Amino acid sequence: QVQLVESGGGLVQAGGSLRLSCAASGRTFSAYTVGWFRQAPGKEREFVAAIRWSGDALMYAAPVKGRFTISRDNAKITVYLEMNSLKPEDTAVYYCAAGARPLSFSDSPAEFGSWGQGTQVTVSS
């Protein structure tokens, strides 16, 4: 089992930036995808971005493409989500998640077996 801890959320004005971090421990991430999801009040959890641990594949949801960047630091076993040009509609609790099966690369929450506790991102207009 893997443990994930998110950090970096907060309150920012529209147009601002934040960087979220997801620190992992507990098992090797070799061949596993790590993803970011978000959930706004009254809405379903939605996919934001994912990165294969090898770094050879990235995936972004359409609403964040061009504004958000996912990356990873193998030495620190940490995945980052750099968020620029933030909009009020980006307000949500952001979760990182680790893939449930090696080599799987998906944007479906069902393909992720371990989740962090979430970090709140609030973008004011």
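Presented here is an overview of the structure given in this document. Every value quoted in this text rests on a predicted model; they were computed, and no experiment measured them. (Residues numbered from 1 in each chain as written. Predicted model: local features only at pLDDT ≥ 70, side-chain atom pairs only at ≥ 80, totals over all residues. Heavy atoms only, no water.)

**Side note on the packing of aromatic side chains**
Note on aromatic pairs: each is described by the distance of the centres and the angle between the planes. Within this structure, the stated rule accounts for 4 aromatic pairs. Here Phe 37 and Phe 47 contribute two aromatic rings whose centre-to-centre distance is 5.7 Å and whose plane-to-plane angle is 75 degrees, an arrangement assigned as edge-to-face. Here the residue Phe 37 occupies a position in strand S4 (residues 33-39), and Phe 47 occupies one in strand S5 (residues 46-52), the gap between them amounting to 10 residues. Plain terms: the ring middles of Phe 37 and Trp 115 are 4.9 Å apart, the flat faces sit at 55 degrees to each other, and that makes the pair tilted. Here Phe 37, found in strand S4, pairs with Trp 115, found in strand S10 (residues 112-115); they are 78 residues apart in sequence, far enough to count as distant. Taking the ring centre of Tyr 80 as reference, the NZ or CZ of Arg 19 above it sits at 4.3 Å. Between Arg 45 and the ring centre of Trp 115, over which it is positioned, the NZ or CZ distance is 4.7 Å. (Phe/Tyr/Trp six-rings, centres within 6.5 Å; stacked < 30°, edge-to-face > 60°. Helix = DSSP H or I, 4+ residues; strand = E, 2+ residues; numbered from the N terminus. Lys NZ or Arg CZ within 6 Å of the ring centre and 35° of its normal.)

**Observations regarding the environment of Phe 68**
As for its position among the elements, Phe 68 is in strand S7 (residues 68-73). When its relative accessible area of 2% is taken as the criterion, Phe 68 is described as buried. Sequence separation between Phe 68 and Leu 86 is 18 residues, and the spatial gap between their C-alpha atoms is 8.9 Å. With residues up to four places along the chain from it excluded, the contact list for Phe 68 reads Arg 38, Val 48, Tyr 60, Leu 81, Glu 82, Met 83, Asn 84, Leu 86, Asp 90 and Tyr 94. (Buried < 20%, exposed > 50% of the residue type's maximum accessible area, 1.4 Å probe, protein only. Contact = heavy atoms within 4.5 Å.)

**Some words on the pairing of strand S8 (residues 78-83)**
Taking burial as the measure, the 6 residues of S8 include 5 buried ones, the bulk of the element. In this structure, strand S3 (residues 18-25) lies alongside S8, joined through 6 bridges in antiparallel fashion. Considered in S8, the bridge of Ser 21 is made with Tyr 80. Relative to S8, S7 runs antiparallel, the two sharing 6 bridges. Bridge pairing in S8 places Ile 70 opposite Leu 81. The turn linking S7 back onto S8 is made up of 4 residues, and Ile 77 within it adopts a positive phi angle of 50 degrees. (Pairing = 2+ DSSP bridges.)

These figures come from the coordinates and say nothing about function on their own.
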